Amino acid sequence: MTKPTDLTLYTASVPNGIKVSTALEYLELPYKVYPIAFSKLEQKEPWYLEINPNGRVPAIVDVDSAGEKTCVMESGAILLYITDKYDPENKLSYPFGSKEYYEMLEWVFWQVGGLGPMQGQASHFLRYCLSDNPDVQAYGVNRYQNETRRLMTVLETRLAKQKATRNSAYLVGDHLSVADLACLGWVLFDTYVGIESSEFPLLEKWQDEISAMPLIKKGLDVPTEFRIKQVAKDPELLKQASAAGQSWIKKGGEAEKK
Ligand SMILES: N[C@@H](CCC(=O)N[C@@H](CS)C(=O)NCC(=O)O)C(=O)O
């Protein structure tokens, strides 16, 4: 069985969500989308916590033809679940046990343990900081923007090495894999955290080329049109995005404290 019978993706138009929708689209798998409304704190509702006890997106529920239900949370685990189950031809992965398979794991784990959390904090302090103290904001922006830049330098260096040693434009092996999609979800939000794409020329070319692939483009537009590059360049749209984010982050923090 290489196609899901009944798979639902719970997601929003955010870095961790688009990692999964781009993978599902690239593999041309059938799936349903349930858009999670952050403004209504739907990600903290009891029914959703049954699926993802961490109260975050993404999550998937995969019901097989025998009615057996599997819930998976954590974007990295979801990407590996999808490729393990539904990518037998390794279009977006590498054969289990191969050198490239472990390199793919390295970059997926590197992203979920490093780039995601650090860039998420850069985004928090730059766009959604709830403190009125400008020193608090400046410290957070400085610390996490610098760390995000350092991590993007690691990606830039990896791409240079891949080009030199394998003549490859991808993070692992000779083709696109979930390692690229895990990182792409965040790299596309670079300008939003005050980092110009042009600071990292290889990474800029990598993100432009991958996001222009028709199936990837389709996945970026799940559950709504992907507009972060436009938003990041428009002061009015940025103001609206910050205000909306601050509002649910404040309510979400209070709900989680309870
Ligand atoms: N480690 C998790 C992180 C998930 C995460 O933080 N998702 C964010 C969106 S990018 C979210 O759901 N935020 C909602 C909230 O904080 O309540 C993963 O990789 O899936």
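Residues numbered from 1 in each chain as written. Predicted model: local features only at pLDDT ≥ 70, side-chain atom pairs only at ≥ 80, totals over all residues. Heavy atoms only, no water.

Trainee: Describe the overall build of the protein chain, with residues and values.
Mentor: Along the backbone of the protein chain there are 10 helices and four strands. Starting at the N terminus and ending at the C terminus, the protein chain contains elements arranged as β-α-β-α-β-β-α-α-α-α-α-α-α-α. Taking 258 residues into account, the globule formula puts the C-alpha radius of gyration at 18 Å, and the protein chain, at 18 Å, falls close to it. Dimensions along the principal axes, computed over C-alpha positions, put the protein chain at roughly 55 × 50 × 30 Å. (Helix = DSSP H or I, 4+ residues; strand = E, 2+ residues; numbered from the N terminus. Rg over C-alpha atoms; globule rule 2.2 N^0.38 Å.)

Trainee: Lay out helix α5 (residues 134-166) with the relevant residues and their values.
Mentor: Taking 1.5 Å of rise per residue, 33 residues should cover 48 Å, and α5 covers 47 Å from first to last C-alpha, within 8% of that figure. Of the residues flanking the start of α5, the one acting as N-cap is Asn133, its side-chain oxygen 2.8 Å from the backbone nitrogen of Asp135. At the C-terminal side of α5, Asn167 shows a positive phi close to 50 degrees. (Expected span 1.5 Å × (residues − 1). Polar contact = N/O pair within 3.5 Å; in protein donor to acceptor, adjacent residues only side chain to side chain.)

Trainee: Explain the pairing of strand β4 (residues 69-73) to me, using residue names and the numbers behind them.
Mentor: Sheet analysis places strand β3 (residues 59-63) next to β4, joined by five bridges and oriented antiparallel. Residue pairing for β4: Asp62 is matched across the bridge by Thr70. What sits between the antiparallel neighbours β3 and β4 is a turn of five residues, in which Gly67 has the positive phi angle 85 degrees. (Pairing = 2+ DSSP bridges.)

Trainee: Could you give an account of the UniProt feature "domain: GST N-terminal" (unreviewed entry) in the protein chain, naming the residues involved and the relevant values?
Mentor: With numbering matched to this structure, UniProt assigns "domain: GST N-terminal" (unreviewed entry) to residues 4-90. This span, residues 4-90, is 34% helix and 23% strand, and a straight line between its end C-alpha atoms measures 16 Å. (UniProt positions renumbered as here; feature names shortened; annotations may be inferred.)

Trainee: Outline the site of the ligand, supporting the account with residue identities and numerical values.
Mentor: Taken together, Val14, Asn16, Phe38, Gln43, Lys44, Gly55, Arg56, Val57, Pro58, Glu74, Ser75 and Trp248 make up all the residues around the ligand. In the model, an oxygen atom of the ligand is placed 2.4 Å from a nitrogen or oxygen of the Lys44 side chain. For the shell around the ligand, the class distribution of residues is five nonpolar, four polar and three charged. (Near = heavy atom within 4 Å. Nonpolar A, V, L, I, M, F, W, Y, C, P; charged D, E, K, R; others polar.)

Trainee: Pulling in residues and values, what's your account of the packing of helix α1 (residues 15-26) against helix α6 (residues 178-187)?
Mentor: For any two helices packed against each other, one specifies the crossing angle of their axes together with the interaxial distance. Running from amino to carboxyl end, α1 crosses α6 at an angle of 140 degrees, the nearest separation of the two axes being 8 Å. Considered as vectors, α1 and α6 are oriented oblique to each other. In this structure, α1 crosses over α6, and the sense of that crossing is right-handed. Across the interface between the two elements, Pro15, Asn16, Ile18, Lys19, Thr22 and Ala23 of α1 pack against Leu181, Ala182, Gly185 and Trp186 of α6. When its residues are assigned to classes, the contact of α1 with α6 shows six nonpolar, three polar and one charged. (Axes fitted to C-alpha atoms, helices over the stretch in contact; angles between N-to-C directions. Parallel < 35°, antiparallel > 145°, perpendicular 65-115°, else oblique. Left-handed = near helix turned anticlockwise from the far one by under 90°. Contact = heavy atoms within 4.5 Å.)

Trainee: If you had to explain the side chain of Asp62 to someone new, which residues and values would you point to?
Mentor: Mapped onto the fold, Asp62 is located in strand β3. For the buried residue Asp62, which engages in no salt bridge, the nearest side chain bearing the opposite charge is Lys85, 4.5 Å off. One polar contact links Asp62 to Tyr81, side chain to side chain, over a distance of 2.6 Å. Each residue touching Asp62, except ones within four places of it in the same chain, is listed here: Pro4, Asp6, Leu7, Glu68, Lys69, Thr70, Tyr81, Lys85 and Tyr86. (Buried < 20%, exposed > 50% of the residue type's maximum accessible area, 1.4 Å probe, protein only. Lys, Arg positive; Asp, Glu negative; His and termini not counted. Salt bridge = Lys/Arg side-chain N within 4 Å of Asp/Glu carboxyl O.)

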